[in-house]
Amino acid sequence: MSRIAVYPGSFDPPTNGHCDIIKRSSKLFDCVIVTVAVNPAKKHFFSVDERVDMLQEIVSEYKNIEVDQFDGLLVEYAEKKGAVSIIRGLRALSDFEYEFELALMNRHLNSSVDTIFMMTDEHYSFIRSSLVREVARLGGDISDKVPRVVEKYLKERFF
Ligand code: ADP
């Protein structure tokens, strides 16, 4: 039986922190589905299609990683995909409360899908998508914070 995990997020845009979680989780599961949460109520910088395109390019080097998008309840999506785990990343303590609530709620909704937390790498603990967008907007160097494809998308958008 193959072990499938989903890694959900906004990925607006994907950063090297996300990539690190993707890489590490690819070693733990037979298949990882990196999936963009579609939330029409939330305003995003990049469209869902753009985020999916960037992720697709990022994961192209891995054989066991797919990119997808979903709306509605994450646990329902995960179950439909046959996933046994939801992967989430933890950076600072500030992530903990929100992630803890989310994980408990998801377990309440479906106890057969367990959330797995992966601690950020020390190099990426301060990287978050919104900060990367802000620095890029102001013309700062973000080349060591995001994959090449994301840098290209940000440059095209801002300059
Ligand atoms: P969301 O809006 O669902 O939090 P994000 O794209 O911001 O979406 O993050 C998706 C997941 O990746 C979250 O679990 C988040 O904590 C994790 N993550 C984001 N940046 C990093 C990072 N630098 N290191 C480790 N995990 C991260």
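See the structure shown above.
So, here's what we can say about the structure.

The next subject is the overall build of the protein. Secondary structure assignment for the protein yields six helices and five strands. In the protein, the succession of helices and strands from N to C terminus is β-α-β-α-β-α-β-α-β-α-α. The globule rule puts the C-alpha radius of gyration for 159 residues at 15 Å, and the 15 Å found for the protein is close to it. With respect to the principal axes defined by its C-alpha atoms, the protein has extents near 45 × 35 × 35 Å. Put simply, the protein has 159 residues, and 44% of those count as buried. If you take every contact in the protein between residues at least 6 apart in sequence, the share linking residues at least 24 apart comes to 76%. Approximately 9,300 Å² of the protein is accessible, and the part contributed by carbon and sulfur atoms is 52%. Taken together, the 21 basic and 25 acidic charged side chains of the protein have centroids lying 2 Å from each other.

Taken together, 17 residues lie around the ligand, and Tyr 7, Ser 10, Gly 89, Thr 120 and Tyr 124 are the ones closest in. Within the contact set of the ligand, an oxygen atom lies 2.6 Å away from a side-chain nitrogen or oxygen of Ser 10. Within the side chain of Glu 99, an N or O atom sits 3.3 Å from an oxygen atom of the ligand. Looking at the shell around the ligand, the elements that each hand over two or more residues are strand 1 (4-9), helix 1 (16-28), strand 4 (85-90) and helix 4 (93-109).

A separate point is a nonpolar patch on the surface. Residues Leu 93, Phe 96, Phe 100 and Leu 104 make up a contiguous nonpolar surface patch of about 440 Å² in total accessible area. Mapping Leu 104 onto the fold places it in helix 4.

Turning our attention to unusual backbone geometry. Across the junction of Asp 12 and Pro 13, the peptide omega takes the value 0°, indicating a cis bond. Tracing the backbone through its elements, the reader meets Pro 13 in the loop between strand 1 and helix 1. Of note in this structure, Phe 11 is not a glycine but carries a positive phi near 50°.

It is worth spelling out helix 1 at this point. Between its first and last C-alpha, helix 1 extends 19 Å over 13 residues, near the 18 Å set by a 1.5 Å rise per residue. Every buried residue belonging to helix 1 is among Asn 16, Gly 17, His 18, Cys 19, Asp 20, Ile 21, Ile 22, Ser 25 and Ser 26, and all of these are buried.

Right, let's talk about the packing of aromatic side chains for a bit. Each aromatic ring pair is summarised here by two numbers: the centre-to-centre distance and the angle between the ring planes. A full pass over the atoms with the stated rule returns six aromatic pairs. Seen from their ring centres, Tyr 7 and Phe 11 are 5.2 Å apart, and the 85° between their planes marks the pair as edge-to-face. Accessibility classification places Tyr 7 together with Phe 11 in one group, the buried group. For the pair Phe 96 and Phe 100, a centre-to-centre distance of 5.2 Å together with 20° between the ring planes defines the contact as stacked. A residue pair is termed a helical-turn pair when its members lie 3 or 4 positions apart in one helix, as Phe 96 and Phe 100 do in helix 4 at four residues. You can call Phe 100 partly exposed: its relative accessible area is 42%. Taken together, the ring pairs connect Phe 45, Phe 46, Tyr 153 and Phe 158 into an aromatic cluster. Here Arg 157 stacks its cationic end above the ring of Phe 45, 4.8 Å away from the centre of that ring.

What counts, and at which threshold
- Residues numbered from 1 in each chain as written.
- Predicted model: local features only at pLDDT ≥ 70, side-chain atom pairs only at ≥ 80, totals over all residues.
- Heavy atoms only, no water.
- Helix = DSSP H or I, 4+ residues; strand = E, 2+ residues; numbered from the N terminus.
- Rg over C-alpha atoms; globule rule 2.2 N^0.38 Å.
- Buried < 20%, exposed > 50% of the residue type's maximum accessible area, 1.4 Å probe, protein only.
- Contact = heavy atoms within 4.5 Å.
- Areas by Shrake-Rupley, 256 points an atom, 1.4 Å probe, with all protein chains shown as cover.
- Lys, Arg positive; Asp, Glu negative; His and termini not counted.
- Charge placed at Lys NZ, Arg CZ, Asp CG, Glu CD.
- Near = heavy atom within 4 Å.
- Polar contact = N/O pair within 3.5 Å; in protein donor to acceptor, adjacent residues only side chain to side chain.
- Patch = residues over 30% accessible without salt bridge, like charges linked within 9 Å, V, L, I, M, F, W, Y side chains within 5 Å.
- Salt bridge = Lys/Arg side-chain N within 4 Å of Asp/Glu carboxyl O.
- Expected span 1.5 Å × (residues − 1).
- Phe/Tyr/Trp six-rings, centres within 6.5 Å; stacked < 30°, edge-to-face > 60°.
- Lys NZ or Arg CZ within 6 Å of the ring centre and 35° of its normal.

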